[in-house]
Amino acid sequence: MATPPNNPPLLEVKNLRVEFPTRRGTLLAVDDVSFDIAPGEVLGVVGESGAGKSLTGNAIIGLLEPPGRIAGGEIRLEGRRIDNLPYEEMRKVRGARIGAIFQDPLTSLNPLYSVGHQLVETIQTHLPLSAAEARTRALDLLKEVGIPGAETRIDHYPHQFSGGMRQRVVIALALCAGPRLIVADEPTTALDVSIQAQIIALLKRLCREHGTAVMLVTHDMGVIAETADRVAVMYAGRIAEIGPVRDVVKHAKHPYTKGLMGSIPSLGVRTERLTQIDGAMPRLTEIPQGCAFNPRCTARGSRCLVERPDLMAAGTTRAACWLHDRGGIGAPVVKETADA
Amino acid sequence: MAARSALSGWLHRAADSDVWWSFKSSPMTVAAAVATFLIVAVAFLSPVLAPHTPFDPATLSLTDGLKPPAMLSADGDWAFPLGTDDQGRDILSSIMYGTRLSLVVGLASVVVAMTLGITLGLLSGYLGGAVDALIMRVADVQLTFPAILVALLIDGIVRGIISVKRHDEIAIYVIVGAIGLSFWVQYARTVRGSVMVEKNKEYVQAARVIGLSPLLIMVRHVLPNVTGPVLVIATINLGLAIITEATLSFLGVGLPSTEPSLGTLIRLGNEVLQSGDWWITVFPGVTLAALVLAVNLLGDWLRDALNPKLR
Amino acid sequence: MPDGSGTQFVRIAGLKRYFDVSAPWLVRMIERRPRQIVQAVDGIDIEIAKGETFSLVGESGCGKSTVARLVVGLYPPTAGTIEFDGNDMAGRHSRADMAALRRRMQMIFQDPYASLNPRWRVFDIIAEPIRAFGLSKDKADLQKRVEDLLRQVRLTPADGRKFPHEFSGGQRQRVSIARALASQPEFLVCDEPTSALDVSVQAQILNLMVDLQRRFGLTYLFISHNLAVVYHISTRVGVMYLGRLVEVAPTETLFTRPKHPYTRMLLDTIPDLDMTGRQRSPVAGEVPSPINPPSGCTFHPRCPFANDRCKAERPKALSIEGGTVACHAIEEGRLPVEERTYVANS
């Protein structure tokens, strides 16, 4: 969709692995994840809790919480490797080239300083501007993210803003140095539905106007459907399916994506029962052999029990499922009833 | 956030055995535990292990008085490896019996402080309102006095009421009560804080929907969930209580010299320290320091091991 | 409003709950600050028929969770009455009568991590209501009841020996449901029971709740902010805004012929999963503080149809199309009813 093949990608993630060493062995929380983001593109990353989507985002912005660490693969921003940069250099990249937006706006804002102070400080760290120029830019940013009365609000403290307004300030903060990429981790989850729509509209508008690419990490398929160009569906630390958002939402190829879409209650048809995927995503310590989804899959075969599928072409999307391999799934295996 | 909650989910699941794991992986803690165990074992087995019975005046002989430690001086007598005091009491045996007394007083006063603190903390946190205000103001006032002063005060009052002879008999109860009373505030505050967090959790509301009485809810639901921090305080307080007892005894208002605790021994030794008989005070002092250090190290470790943020 | 048929199972009338969030007396005196009262629930009337699912929707802070807690008696109401099967819950009841009433209504909570005592085994958690109401004859009977409950929520009897932390969020919510069912209630108050769960697990829990309702003839008061979930599960829906009910209607009517401007606004915020290209129209403004709610109709500052009457006069509930609406614009016919259609997500 927004990835013309001749355009070099803005962000390249190749075979990324994120590990958590524990005393019971090392847990692989992100396992061999690869994707690109083109300039100006919005890539949605969706998945259930513990699927590894936030860790992938944190790995890209260099903010993995210890003891988590990148154990393999590489991350390139505009062709330059950023996964092995020393902390100080990564900090500069994070402010200037990559902006970050988190779920809780309060964690991104220092309660002791006015929002203007924080904006000016960030701007001056990354751009060669005088204090007055930086303040003018801060004011422009606040106006751009739709803060009413920005001239007075600029000197207010974070607690004087409502949740939605705070998230706007955080977005302004992320935009300070004119980054090429914004990693937004559940930016609307803590907000009320009416505010969610406002923030999504704002993000979309800003990306369009500035040509900023966005990696949008969320568990909310609705947000993805409205905002993203492409979507990656993660399951148990791997990408299960990736492709243009419309195709993934309407014509999913991976049984997990299908189940996920079916389990979302939709308006228009009131069915007695929702489609449900039995069971739950395995813990990182209990990921089964073969395809991680096989114990919950209604379409599994003998091959799925032993061999782990990588992403492969599946119509308009790419799915990690043997159904789309020439070799097939092998002999069908009847799913044990999870409810027995 | 979604990923983090799942992460903390399995971290919590592993929590129970994590305590054991963090214990094993800290050599300092293991050393402290071994030291504590040895001191406690030797102290409580002192009637069996000790070469002499220092509290029995019949076994004492003044001719054995002020012998230096046999292991360090040729003047010593190997019947008294750490020497004797002016009464001819074996220092090693006195330390063993004294440690036992110090431990008993320490443990008992921690139990008193804990019982009082937990009860008042639960009431304060769960009932709130005037009860809470009253208990917490009393706690505030008490906190403005050092614990040792409170203990001195209580001991002084008891001494004023009963005769000296009677006092020596009940000295141990008085001191346990005095130390216990001076340490309850910390438990009460911690428990109150935890209770105020727990009582708004949905599992407590679920119990209220069933219609359980506040007392049952406090005891069955809230109490088991506030024991972690209490355990940490108790361990750290054990060291403090032993020190407080030693200090009181050193000042002469603690246990009588007929049944000396470590603090009493240090005081007795201190009186003759100027004449060069250093061993009478130094060996009990070293024992006291080792015991309190070991217990405190255990407490520090326990605090870290039970802290969900560090897990 | 009341249809006067007298068959209502749960009847809530004029329910109010104010919270005093003032600073302590001394601070107020010194800093000359006024008392601050949050009008969390400000006079609502709801009637729920036996066997139906009545849902309350609204944004955070609208008072829907407070209503849930008032109904099960976790808070006493400031004013108004709650009648359950003809019994006034605030009336004089003997201890035994009160216990009998409590047994018949239970609650399912939002957070599956906080709603189970982490120190208790699942067996004891589920057995607690049975023991508290003295419903089992002996130990064997108790054992059997708990095992049956575990099976009903699709867990196994062996799960009873485990602690809550050994389960996933969805499984914990099943335990929570089993506990709520343990006293054989007829009425369940469900406060956002699926909002902390992932969508695939949400579907499992919603299906389970529907199955249980059919099996035991349960009546649900369902609290949620998720309109798609509400659409799926409810018989009738009430929309709350700043402590008041602005609209009540049968589910299909509410979603296809919404009347109140706030209901329409909420419906506009439902994400478009059908990829029809429908744009969510972001609504201006945010929910005002319930400490000093706007005068008249509390929605007037955000309402595109507000006039002077809306600023001054609180609108009364108006019966219309099997439901009620509290809106001057509707009453005066200034606001035509609009039809909405939805494309099924195939």
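Rules of the game
- Residues numbered from 1 in each chain as written.
- Chains lettered and ligands numbered in written order.
- Predicted model: local features only at pLDDT ≥ 70, side-chain atom pairs only at ≥ 80, totals over all residues.
- Heavy atoms only, no water.
- Pairing = 2+ DSSP bridges.
- Helix = DSSP H or I, 4+ residues; strand = E, 2+ residues; numbered from the N terminus.
- Axes fitted to C-alpha atoms, helices over the stretch in contact; angles between N-to-C directions.
- Contact = heavy atoms within 4.5 Å.
- 1 Å grid on protein atoms, 1.4 Å probe; cavity = no way out; pocket = protein on both sides within 12 Å on 5 of 7 lines; lining within 4 Å.
- Points joined across faces, edges and corners; volume = space filled by probe spheres on them.
- Nonpolar A, V, L, I, M, F, W, Y, C, P; charged D, E, K, R; others polar.

### Considerations on the sheet that holds strand S9 (residues 230-235) of chain A
Whether parallel or antiparallel, the strands of a sheet pair through hydrogen bonds between backbone atoms. Residues and elements named next belong to chain A. Taken together, the eight strands give an open sheet; going across it, the order is S6-S7-S8-S3-S9-S10-S12-S11, and neighbouring strands pair in mixed fashion. Across the chains shown, the open sheet's two edge strands, defined by having one partner strand only, are strand S6 (98-101) and strand S11 (312-314). Here the average twist between neighbouring strands, direction ignored, is 20°. Sheet analysis places strand S3 (residues 42-46) next to S9, joined by four bridges and oriented parallel. Along S9, the bridge assignment pairs Val-46 with Val-233. In this fold helix H7 (residues 163-175) packs onto S6 and strand S7 (181-185), with an angle of close to 165° to the strand it touches most, S6.

### Here we look at the layout of surface pockets
Residue and element names in this part refer to chain A. Empty space within the second largest pocket amounts to approximately 650 Å³. Taken together, 23 residues form the lining of the second largest pocket, with Arg-94, Gly-95, Ser-108, Thr-122 and Leu-173 sitting closest to its centre. Take the lining of the second largest pocket: its biggest share by element is five residues, from helix H4 (residues 115-126). Residue classes in the lining of the second largest pocket are distributed as eleven nonpolar, nine polar and three charged.

### Overview of the sheet that holds strand S2 (residues 25-37) of chain A
All names here are of chain A. With antiparallel pairing, four strands are arranged side by side in an open sheet as S2-S1-S4-S5. Because the sheet does not close on itself, it has two edges, and the strands there are S2 and strand S5 (80-81). As paired elements, strand S1 (residues 11-22) and strand S4 (residues 69-77) share seven bridges and run antiparallel to each other. By the bridge assignment for S4, Arg-17 is matched with Gly-72.

### A closer look at empty space enclosed by the protein
Residue and element names in this part refer to chain A. Within the structure shown, the criterion is met by six cavities of 30 Å³ or more. Looking at the largest cavity, its volume works out to about 100 Å³. What lines the largest cavity is Tyr-235, Arg-238, Ile-239, Ala-240, His-254, Cys-291, Ala-292, Phe-293, Arg-308, Pro-309 and Ala-320. In terms of residue count, strand S10 (residues 238-244) provides more of the lining of the largest cavity than any other element does, three residues in total.

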